[in-house]
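# Structure at a glance
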Amino acid sequence: MKRPAKILAWSAAVLFGIPVAAYLGWLSGNLWDDELDPAVARILSTEAPPQLDAKNNAYFDAIGIDAPDDQDAHAWGLARFQAYLATDAGQAPTARAARKPGIDKSKLPCAKAETCLNDVAADAEAARRILEAEAIVLRRLDAVLDARYQEPDRKLNYRSEFASLGPAMTAQKLAQARVALLAAEGRHEEALRQWGRLTEFAARQAAGSWSLLAKVIAIAALHRQHVLLAEYLKAYPEAAQANAGRILDMLRPLSRAELTLAPALESEIAMTVRSFAADDGLNPLTGADVAMPAVLAVLLDPFFKRTATMNEVAGETLEWVRLDALEGGAYRAMRSALAARRGGDGSFLHYRNPIGRVLAAVGGPDFSSYFYRRDSLAAERRLLRFGVGLVADRNCDAAFVKAAVAEHPELLHPYTGALPAWTDERRSLTYAAPEDMRGSAGIAPFELALPRAGFCTGKT
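Residues numbered from 1 in each chain as written. Predicted model: local features only at pLDDT ≥ 70, side-chain atom pairs only at ≥ 80, totals over all residues. Heavy atoms only, no water.

Our focus in this paragraph is the state of the cysteines. Should the sulfur atoms of two cysteines be covalently bonded, the bond is a disulfide. A full pass over the atoms with the stated rule returns one disulfide. At a sulfur-sulfur separation of 1.8 Å, the disulfide partner of Cys 110 is Cys 116. Between Cys 110 and Cys 116, the disulfide has an S-S torsion of 45 degrees and is therefore right-handed. An identical accessibility class is assigned to Cys 110 and Cys 116; each is buried. (Disulfide = S-S within 2.5 Å. Buried < 20%, exposed > 50% of the residue type's maximum accessible area, 1.4 Å probe, protein only.)

Now for helix 9 (residues 188-208). In a regular helix each residue adds 1.5 Å, so 21 residues correspond to 30 Å; helix 9 covers 30 Å between its end C-alpha atoms and thus fits that length. Most of helix 9 sits inside the fold, with 15 of its 21 residues counted as buried. (Helix = DSSP H or I, 4+ residues; strand = E, 2+ residues; numbered from the N terminus. Expected span 1.5 Å × (residues − 1).)

For the rest of this paragraph, the subject is the environment of Phe 304. The residue Phe 304 is located in the loop between helix 15 (294-300) and helix 16 (306-323) in this model. Sequence separation between Phe 304 and Ile 355 is 51 residues, and the spatial gap between their C-alpha atoms is 5.2 Å.

A positive phi angle, near 65 degrees, is found at Cys 110, a position not held by glycine. On the secondary structure map, Cys 110 appears in the loop between helix 4 (73-88) and helix 5 (116-122). If you check the backbone angles, Arg 427 has positive phi at about 50 degrees while not being a glycine. Topologically, Arg 427 is positioned in the loop between strand 1 (421-423) and strand 2 (428-431). Exposure remark for Arg 427: the relative accessible area of 18% places this residue in the buried category.

This next bit is on the nonpolar core. Tyr 232, Ile 247, Leu 383, Leu 384, Phe 386 and Val 401 are the most contacted members of the largest nonpolar core, which has 72 residues in total. By residue number, the principal contributor to this core is helix 8 (residues 165-184), which donates nine residues. Once residues lying within four places of it in the same chain are set aside, the contact partners of Phe 386 are Ala 404, Val 405, His 408, Leu 411 and Leu 429. Core analysis: the next-biggest nonpolar cluster, separate from the first, contains 28 residues, Ala 221, Trp 320, Val 321 and Phe 371 among them. (Core = buried A, V, L, I, M, F, W, Y, C linked by side-chain atoms within 4.5 Å. Contact = heavy atoms within 4.5 Å.)

Two elements in contact, helix 16 and helix 17 (residues 328-341), have axes separated by 10 Å at closest approach and are oriented at 160 degrees. When the interaxial angle is binned, helix 16 and helix 17 end up roughly antiparallel. Classified by chirality, the crossing of helix 17 by helix 16 is left-handed. Counting all contacts with helix 16, which are made through Glu 316, Glu 319, Trp 320, Arg 322 and Leu 323, the residues of helix 17 involved are Tyr 331, Met 334, Arg 335, Leu 338, Ala 339 and Arg 341. (Axes fitted to C-alpha atoms, helices over the stretch in contact; angles between N-to-C directions. Parallel < 35°, antiparallel > 145°, perpendicular 65-115°, else oblique. Left-handed = near helix turned anticlockwise from the far one by under 90°.)

Next up, the structure:
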C-alpha cells in the first residue's frame, strides 16, 4: 500500500507543485509596479497655453454650427463643450437636440470634392435651392471664417465625448458648393476669395487643435480644399491663368504649427495614462465588459501593472512624437521601422507585467495613416503651386510636364519619397496612396488633372 501512496504523492507533487512553483516564481517578478516614466510625467504636468477668451473663440461656433435655428450657435457650442467637460469628469453624456437639416443630406452637393464643380455646373438651380435652404449654416460659418480658433484645454480620458465630424463636414460641403456655383456663374474672383477664406480657416483650425480627432478633422478639411482647387485648375483654366498670382499667394507653405502632430500625440499619451490611472480606469481583468471568474481575476491581477502598462503604451507613442521632428530619408526610415514594429510578437511569455505588455503590443499605436494624411497636405500644396505655374504659362504639354516634374525634387511626397506619376489617359499627375493603405477610409490618391490639350499653347 505504501508504494501506490508514494506514487500518488509524487504524481500530485508533479501535477500541482510544479505549476504552483512556476506561478510563485513568475509572481516574484510582479510584486511591484514601476515609477511613471519622467517623459510621460512631463507631458502630464505641462500647462496648457494661454486660453482665448471664449467669446472670441471660433471653436465654440464650429461645434455649435448645428444648433437649432432659433438658438445662437456660439452659446449652443459653449453649452455643448461644458457637457463634454462633464463627461471628462465621469458624468453621463448629455443629449442635446441639434437642428434638422432643411434638405435630404443624400442630395447635398459636393459630397465628393473631386466632382463638386461638375456636379454644381450640371444643375446650378438645384444647388442654389439647397444653399438657400441651408442659408443659416452658411451665415454661421461666414461669421467666424476670419476669427481666431483654439481648441480649449480639457483633461481627456476614456470616458470623454467629442464633437461629431458630420456637422463640420456638411458646412464645408455647402461652402464648397457656393464656390462651385460662383465659378459656374463666371464670378471667379469671388469664388476664389471664398475658397481662400475657407482654406485659411481650416489652416487655423489645424494650428489651434491639440487633440488627435480635432487635428484630423482640420487636416481632412484642408485636403478637401486642395482637391477642389485641383478641379478648378482643370475646369476653369482661363480664369485660373488670369488669377494665377492671387492663387499662388493663397497657396502659401503651411506652417509647422499647422502640420505638426506632436501635441496631438502627446494628448493621446495623457489620455491613456488618465484612463489607466483612474480608480475606475481601464482594467482588462475587472472591467465592466470583462466576463472572468473572480478567482481567475485575483490570480492574474499581479501580472497587470498599471504604471508599467502606461509606460509601455506611452513609450510607443513617444517614438511617434520623435518621428514628428524628422524629415527626409531619416523620417521615412524611422516611420517604416515604427509601422513594422506594431503588434510585437503577441507573446504572453514576459517575466514582468505580461498582461500589460500584451495589451501594449496588440493595442499599441500605429499612427502611419495620420502621418500620411498630414504629409499629403504639404505635397498637395506644392503640386498645386506647380500646376498653377503650368496653367499660368500654358506649358502643360505631356512631354514638358513629365520632364519638368523630374527637375523639381520639392515635389517628392514626404511620406513615400516618390514624385507624382504622370498618366497619359487622364493627363494628370497623381500621388498614389501607399499600397498598405489603399482602400482605407479617408485615404485616396491626389490627382492634379491638367486642362484640355488645346489650352496648352506655351513653349515646351
